[in-house]
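Remarks on the overall topology
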Amino acid sequence: MNNILLLGGSCELGQHIQKTAPCNISAPTRAELDLSDADAVLNYDWADYDTLIMLQRAGGGERYHFEDYPAERIQHNLTVNLTNTMLFLQRWLRHTHKGRIFFVGT
């Protein structure tokens, strides 16, 4: 049976996956794994997982029209969804050569 690490589990799709998956899913909350904190990403314990599901927009959630998007949120979302996502994937690929990654973006 797979042990899945689900990032972005608070969104509608993430909640559906957690309710319907026939395997073990861990979906850390922002308090348990803050994706805007590079140290938290780099020090996360991967030992129990063989599958990673990343639902892009983890760490975001607010909705703005592009022309109204606040500058400070742009930087935050770049950090979470690009920089720290890349760090997360680098660590995951070092962690397992047999594991699976599912990346879902909007």
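Every value quoted in this text rests on a predicted model; they were computed, and no experiment measured them. (Residues numbered from 1 in each chain as written. Predicted model: local features only at pLDDT ≥ 70, side-chain atom pairs only at ≥ 80, totals over all residues. Heavy atoms only, no water.)

Looking at the pairing of strand β3 (residues 51-55)
- Of all five residues making up β3, five are buried, and the element is well covered by its neighbours.
- Residues T51, I53 and L55 point to one face of β3 and L52 and M54 to the other, with burial holding for every one of them.
- Judged from the four bridges that link them, strand β1 (residues 3-7) and β3 form a sheet pairing that is parallel. Paired with L7 across the two strands is M54, which belongs to β3.
- Two elements, β3 and strand β4 (residues 100-104), share five bridges in a ladder whose sense is parallel. Across the sheet, the residue bridging to M54 is F103, located in β4. (Buried < 20%, exposed > 50% of the residue type's maximum accessible area, 1.4 Å probe, protein only. Helix = DSSP H or I, 4+ residues; strand = E, 2+ residues; numbered from the N terminus. Pairing = 2+ DSSP bridges.)

A short note on the sheet that holds strand β2 (residues 24-26)
- Strand order in the open sheet formed by four strands is β2-β1-β3-β4, with parallel pairing between adjacent strands. In the strand order of this sheet, the two ends are held by β2 and β4, each with one partner. Mean inter-strand twist for the sheet, computed between neighbouring axes without regard to direction, equals 20°.
- In this sheet, β2 lies alongside β1 in parallel orientation, the contact comprising three bridges. By the bridge assignment, N3 is partnered in β2 with N24.
- Running at roughly 170° to β3, helix α3 (residues 71-95) makes contact with β1, β3 and β4 of the sheet. (Axes fitted to C-alpha atoms, helices over the stretch in contact; angles between N-to-C directions. Contact = heavy atoms within 4.5 Å.)

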